[in-house]
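What follows is each chain in one-letter form.
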Amino acid sequence: MKTLLKYAQVALVVLAIAALLAAPLVLKPYGIFVLSQWAVMAIAAVGLNLTLGYAGQISLAQASFVGIGAYTVALLQPFGVPFALAFVAAGLLSFAIGWVLGYPALRVQHHYLAFVTLAFTTLVFLVMRNEEWLTGGIYGISNIKRPIILGWSTVKPVPFYYFALGMLALVTAIVWWLLRSPWGRAFTALRENPIRALSLGIDTRRYTLFAFAFGSALGGLSGAMHAPLVQFIEPTSFGLSLSLTLLLMVIVGGSGYFLGPFVGALVAVIMPEWLRFADGLYLIAYALLVLLLMTFCPSGILGLFGRLANLIETRAASARRQSLSAKLDQKPVSS
Amino acid sequence: MSHVLEVRNVAKRFGGVTAVDDVSFCVDEGEILGIIGPNGSGKSTLFNCVLGQLRPTSGEVLVDGRSVTGMRPCDLNRLGVSRTFQLLQVFPQLSVRDNLILAAQEHQGTMLSRLFGRPDAGLTADAEQMISFFGMSHLAGEMAGGLSYGQQKLLDAAMAFMAGPRLVLLDEPAGGVNLTMLGHLKERLKTLNSERKATFVVIEHNMEFVMSLCTRVLVLAEGKILAEGKPAEVRSNPKVIEAYLGH
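Keep in mind it's a predicted model, so treat the numbers as computed, not measured.

With that settled, consider the overall build of chain A. The number of helices and strands found in chain A is 14 helices and two strands. Over its C-alpha trace chain A gives a radius of gyration of 22 Å, about what one expects of a compact globule, namely 20 Å for 335 residues. In terms of its C-alpha atoms, chain A occupies a principal-axis envelope of roughly 85 × 50 × 45 Å. Split into buried and exposed, the 335 residues of chain A put 47% on the buried side. Put simply, of all contacts in chain A between residues at least 6 apart along the chain, 77% involve residues at least 24 apart. Across chain A, the centroid of the 21 positively charged side chains sits 11 Å from that of the 9 negatively charged ones.

We now examine the interface of chain B and chain A. Taken residue by residue, the interface counts 36 residues in chain B and 27 residues in chain A. On the chain B side of the interface with chain A, the three residues burying the most area are B:Phe91, B:Met111 and B:Leu115, jointly 24% of the side's total. Viewed at the interface, chain A and chain B are joined by three salt bridges. Ionic pairing is found between A:Asp203 and B:Arg72, a salt bridge with its closest N-O pair at 3.1 Å. Our count for the contact surface shared by chain B and chain A stands at 18 residue pairs in polar contact (both at pLDDT 80 or more). When residues of the side of chain B that touches chain A are traced back to their parent elements, those giving at least two are helix 2 (73-78), helix 3 (96-105), helix 4 (111-116) and helix 6 (149-161) of chain B. Ranked by residue count, the leading element in the side of chain B that touches chain A is helix 3 of chain B, at five residues. The class makeup of the residues in the side of chain B that touches chain A is 18 nonpolar, nine polar and nine charged.

A separate point is helix 10 (residues 204-230) of chain A. Residues and elements named next belong to chain A. For helix 10, built from 27 residues, the straight-helix expectation of 39 Å at 1.5 Å per residue is met to within 8% by its first-to-last C-alpha distance of 39 Å. Among the 27 residues of helix 10, 23 are classified as buried, and the element is accordingly described as predominantly covered. Looking at the residues trailing helix 10, positive phi occurs at Gln231, about 65 degrees.

Moving on: helix 7 (residues 157-180) of chain A. Helix length check: helix 7 of chain A, at 24 residues, gives a terminal C-alpha distance of 34 Å against a target of 34 Å (1.5 Å per residue), a fit within 8%. Looking only at helix 7 of chain A, the buried set comprises A:Phe160, A:Tyr161, A:Phe163, A:Ala164, A:Leu165, A:Met167, A:Leu168, A:Val171, A:Thr172, A:Val175, A:Leu178 and A:Leu179.

Criteria and cut-off values
Residues numbered from 1 in each chain as written. Chains lettered and ligands numbered in written order. Predicted model: local features only at pLDDT ≥ 70, side-chain atom pairs only at ≥ 80, totals over all residues. Heavy atoms only, no water. Helix = DSSP H or I, 4+ residues; strand = E, 2+ residues; numbered from the N terminus. Rg over C-alpha atoms; globule rule 2.2 N^0.38 Å. Buried < 20%, exposed > 50% of the residue type's maximum accessible area, 1.4 Å probe, protein only. Contact = heavy atoms within 4.5 Å. Lys, Arg positive; Asp, Glu negative; His and termini not counted. Charge placed at Lys NZ, Arg CZ, Asp CG, Glu CD. Buried area = accessible area lost by both parts, 1.4 Å probe. Salt bridge = Lys/Arg side-chain N within 4 Å of Asp/Glu carboxyl O. Polar contact = N/O pair within 3.5 Å; in protein donor to acceptor, adjacent residues only side chain to side chain. Nonpolar A, V, L, I, M, F, W, Y, C, P; charged D, E, K, R; others polar. Expected span 1.5 Å × (residues − 1).

Read these as geometric descriptors, not functional statements.
Here's what the structure looks like:
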């Protein structure tokens, strides 16, 4: 039963990938743009899922790192810095700043940490808005060019879409590796019981800082893709509302599930577009949907699947037990 | 020849309350020292001071002759000192096997080698061995959160032994465990003590358990050492009886 469910999961993922690859055959340019946005935001959500879902450190600062990444790429472009280099710089800068932001998390947790990271979001927003000499202030930066990678131009929507998908795949592979390694186990331990983890030789301080740094770096990489995607950036895109949207993606998808942020980003980016037929009501419909989902399934959409799998498994186990106990004299099971 | 553990004049005060008051004792290799005392006598605070979870107000803690006072629990653990907790402390969302691998993975290599090395850090065989030693082979793949209380208690103890510790501090290992499982646990602890040369310090309320497991017993009352000696001596000590039964 368990293996069957696993196969079903793999089949679903393969189908989803095939659908993503085939999407340009059926979608109009606007649809492609929305899907590209999904891919770019999913990178940031995967990062937040690492920090929050696996390592248990709440952060309302993920939008700031998307902003830092976007501005890094936009500001380096006029100097003729190749995109690959700017992309790496965006990641490294976010990694370093995320590491520093991890220090408060060594002292405070939960909603206190939420407020610390909220203050950071405000701080970064103010820097982007007020330091006109650097960031262009409220006017932002326009005319950001899409890169040409090894002679392959990503200027048109479809090539850029595939480029974004490729980057998402790369990030996914790295995070998969990270979570499969002993680090993933240590992150889970940090989330579930930091005191016990510490007594087992796990340097919780270092893992907390790394959880923040890696999650933030992915936020930066997402921003580095966001800038050439929308080609115009300004401070309000990277405020608290994006931080909350990213948080929503992680929670709605299923915090701590590997595929959670992908599904969550789908809900947050694409659902509003689908609901447009409802015209002025679409935001209300969207809000109601989130409300219902969170009330009846706080562990998110993938949590719902998890519960379903558990139910099926329990049913199968009790059926097995019944058929066995009919055959055998009932012996007490030793613990 | 230095002692495995030496506690020198350790005191811990919380505001006006003195939880541990100038306690000194030693533990030698291969010993099983029991610490008993009424509730609130300072046993767990003493443990936390020894293990770096709390910093003692004064005094010193030495492991193999080396001062470890104020050392972080994770560094102390990597020196070979491990513990179990009074309340259950397993990782419910990890499997039994992963709980055990986790308990030893930080004892080898570096952060970098753990990132690029094998996912199980080469510890699956060790974990399986520990699981079968504690008689939990049928549970290896189960989530720890789904185990019964007694099974989680066994897992908790098994985790403390995964990294081959030199000194293990057990905080009420018998609390809430049924008689059958208790006998099972005691046998395992005795085997680990004799075969792996692990030294134990055990806090416990279950007298039967303490008297049959420990080689020496120390009685705490109101933060001070009230008596010390062989289990039989301590049991008949009138001061101990008084401390337990009240005035």
